[in-house]
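Below are the chains, spelled out letter by letter.
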Amino acid sequence: MLGIFNGNILPVEEIKISPFSRAYTFSDAVYEVVPFFKGKPIAMDLHMERLVKSCHAIGIEVEHSVVQAEIIELANLALNNSNGYVYYQLTRGVDKSRSHIYSNNLQCESFGYAAHTSQTIAPQKAKIVQDIRWARCDIKSTALLGNILLMNQAYADGCSEIIMHRNNFITESGSSNIFIVKDAKIMTPPREANILAGITRELLIKNFSKSFEIAEEPCHIDLLAEANVVFLTSSTKGIMPINEIEGNNYIFSKDHPIFMDLKNQFDKFLETAF
Ligand code: PMP
């Protein structure tokens, strides 16, 4: 597998990293995942904008044109015009003092790799769990222990996804945003709910709010009992339906006309808009 480390493209097996990298000791790092459709980047500008925001939020300097060029070079070399994504992380750097207070003259490290994605993803079973993460989920940090703990507990209970909530209000899923369809209305928790502002979520809201009724509003977990469809969105999975919720007998439609229409239109949009 090809990777890029501090600007050099090389097989990932040849990358050497100090154990004192703050990525390794503190998860002091942010990342992006840029999807590619038939070799073309999807919403590259929005991904770069979010990466710059994440870097600013933790005080890492980033030259976004350099990062963008590296991501495209890696995708061109590794993805062969097929569907996939580039993962790219920026780390504060190597810090032998392992001090919580970082020095401002550390040398930022970058690492990326490319991977292919499969076309179709089957509907998933989700578990409703309390959101135990920190208060800055808007930063796309590599520190994902909260998500990891919750997703693995759900996996042990036979679920592949989670629906997180704080005080009974839904936030998001483990690695995706959530939408709930009830009758003709499509609802998604607002950004103020301390979620990651997903690019797929944003593309849906910005481009489909004229043809569909899409509302960013607080979503109580009781809404799930009345939902016709629940679906997740992310750059690597696109739109992915939930068909079952652990411990509940909620019935979600597999072929709800609004959901089918939105999904078809969104898939076409991804093929043609970028
Ligand atoms: N929320 C979380 C917690 C995520 O990890 C992701 C995927 N990185 C998303 C939402 C979806 O974001 P995007 O649509 O930009 O992939």
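Residues numbered from 1 in each chain as written. Predicted model: local features only at pLDDT ≥ 70, side-chain atom pairs only at ≥ 80, totals over all residues.

**Regarding the domain arrangement of the protein chain**
Assigned domains of the protein chain: these are domain 1 (2–116) and domain 2 (124–272). Summarising the inter-unit geometry, the C-alpha centres of domain 1 and domain 2 are found 26 Å apart. Every contact between the two is made by 19 residues of domain 1 and, on the other side, 12 residues of domain 2. The set of elements that each furnish at least two residues to the side of domain 1 that touches domain 2 consists of strand E3 (29–37), helix H2 (44–58) and strand E5 (84–91). Of all the elements, E3 adds the most residues to the side of domain 1 that touches domain 2, at seven residues. Partitioned by chemical class, the residues of the side of domain 1 that touches domain 2 number 13 nonpolar, four polar and two charged. (Domains from an automatic or database assignment. Contact = placed C-beta atoms within 7 Å. Helix = DSSP H or I, 4+ residues; strand = E, 2+ residues; numbered from the N terminus. Nonpolar A, V, L, I, M, F, W, Y, C, P; charged D, E, K, R; others polar.)

**Describing the sheet that holds strand E12 (residues 213–216)**
Taken in spatial order, the eight strands of this open sheet run E9-E8-E7-E14-E13-E10-E11-E12, and their pairing is mixed. In this open sheet, the two strands that pair with only one neighbour each are strand E9 (169–170) and E12. Across five bridges, the pairing between strand E7 (residues 124–130) and strand E8 (residues 161–166) is parallel. Within the sheet, the bridge partner assigned to Ile 128 lies in E8 and is Ile 163. Relative to the sheet, helix H4 (residues 145–156) contacts E7 and E8, its axis offset from that of E8 by approximately 125°. (Pairing = 2+ DSSP bridges. Axes fitted to C-alpha atoms, helices over the stretch in contact; angles between N-to-C directions.)

**Let's talk about the packing of H2 against helix H3 (residues 64–79)**
As a packed pair, H2 and H3 sit with axes 11 Å apart at the nearest point and diverge in direction by 130°. Here H3 runs oblique to H2, going by the angle between their axes. Crossing geometry of H2 relative to H3 is assigned as right-handed. Touching Met 44, Met 48, Leu 51 and Val 52 of H2 are His 64, Val 67 and Gln 68, all from H3. Considering only residue class, the contact of H2 with H3 consists of five nonpolar, two polar and no charged. (Parallel < 35°, antiparallel > 145°, perpendicular 65-115°, else oblique. Left-handed = near helix turned anticlockwise from the far one by under 90°.)

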